[in-house]
Structure formats: structure tokens, C-alpha cells
Amino acid sequence: MAGVYDRKKAVDYARVWALSANPNYYHFGGIGGDCTNFISQCLFAGSGVMNYNNNNGWFYNSISSRSPSWTGVGELMRFLLRKENTKGPYGKIVNINQIEEGDIIQLRQNPTHFNHTVIVTKILGRRIYVCAHTNDAKDKPLDQYNYFETMPIHILGVRK
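A short tour of the structure in this document, coming up. Just so it is clear, the model here is predicted, and its values are computed rather than measured. (Residues numbered from 1 in each chain as written. Predicted model: local features only at pLDDT ≥ 70, side-chain atom pairs only at ≥ 80, totals over all residues. Heavy atoms only, no water.)

A few points about the packing of helix 1 (residues 7-17) against helix 2 (residues 35-47)
Then, number 1: The interhelical angle for the contact between helix 1 and helix 2, taken along N-to-C directions, is 140°, at an axis separation of 7 Å. Taken together, the axis directions place helix 1 and helix 2 in an arrangement best described as oblique. For helix 1 against helix 2, the interelement crossing comes out right-handed. In contact with Lys9, Ala10, Tyr13, Ala14 and Trp17 of helix 1, helix 2 contributes Phe38, Gln41, Cys42, Ala45 and Gly46.
Then, number 2: Among the residues making up the contact of helix 1 with helix 2, the classes are represented as 7 nonpolar, 2 polar and 1 charged. (Axes fitted to C-alpha atoms, helices over the stretch in contact; angles between N-to-C directions. Helix = DSSP H or I, 4+ residues; strand = E, 2+ residues; numbered from the N terminus. Parallel < 35°, antiparallel > 145°, perpendicular 65-115°, else oblique. Left-handed = near helix turned anticlockwise from the far one by under 90°. Contact = heavy atoms within 4.5 Å. Nonpolar A, V, L, I, M, F, W, Y, C, P; charged D, E, K, R; others polar.)

Structural data, given as C-alpha cells:
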């Protein structure tokens, strides 16, 4: 059964917690970065569903009880783009001009792999604004980031 992804809730969450850490979640800033953990929190705010499958799920209970997809850039991308009909938010890669508020963008800031995730919180004309963690940002223009490539992921909905 598919449900609706609440973009407003995801964006509202992003704006509230962009410059600080929600105490209900561990902040991974000192051990590799907090960007995807923060984006997963935003996606959860908009979906209300976690997937507790130990092999390929998407969930967070604590620092020691979480899925790799909750905190890993590549793992989150694979989870969101999965073809199987499993619980949780899902999406597809789109052209950057098809992105909407509440969608995410992964950035390849080094030559080898995508290493940063941001959430789209505002679009004015052709300018995209995002919130992020690791280097905390609230409504920062995407064009102020340095990157080689973007992977815009449009969230299509939520499987319940």
C-alpha cells in the first residue's frame, strides 16, 4: 500500500533542526559526518514509516541499532531507489529542474563517490535552497556548494 510523502513536514523538520541536533538522535558529526542521518530524520518526518528489515531496511533506534541506509550516503540512495515493494519512502532520479521542496540531492564533492546529502527546502525561480548537517546550513543556495555532480532524488511516496 502506498501513502503520501508529506513534503511540508519534511521541510519544516529540516528548518527546525538545520542548525542544531535533535536530542532524540545521535549526532555523527565527529565520526564521519551527520548529513545523511539528518536527511533520514527529515524523510522520516515526511513519511512516518521506518523499515526494520535488518538486511536492506531503513531505521534508527539508537547509535547501535540503526540501518546503514539511515546514515550512509550511498546506502540511502540505494534504499530510496530500490525496485522491490518494501516499506518506507521511495523515489527516482530526476533532472535537477524537476526537483521539488522536500526532495533530496546527493552531491559528489570528490572525484570518486557521492559523499553529501541535502534536502531541498525552497525553490525561487531556478535557484534551489537546501538544509544540511555536517556543515550545518539552513536554506543555503545549492550553487554555493562545491561539487562535481548532483544526484537529485524525487520522493514519489511512502510504502506502508
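Observations concerning the packing of helix 2 against helix 4 (residues 73-80)
Then, number 1: Orientation of helix 2 relative to helix 4, taken along the N-to-C sense of each, is 30°, at an axis distance of 9 Å. The pairing of helix 2 with helix 4 is recorded here as roughly parallel in orientation. In this structure, helix 2 uses Cys35, Thr36, Ile39, Ser40 and Leu43 to contact helix 4, whose residues at the interface are Val73, Leu76 and Leu80.
Then, number 2: Of the residues belonging to the contact of helix 2 with helix 4, the class tally is 6 nonpolar, 2 polar and no charged.

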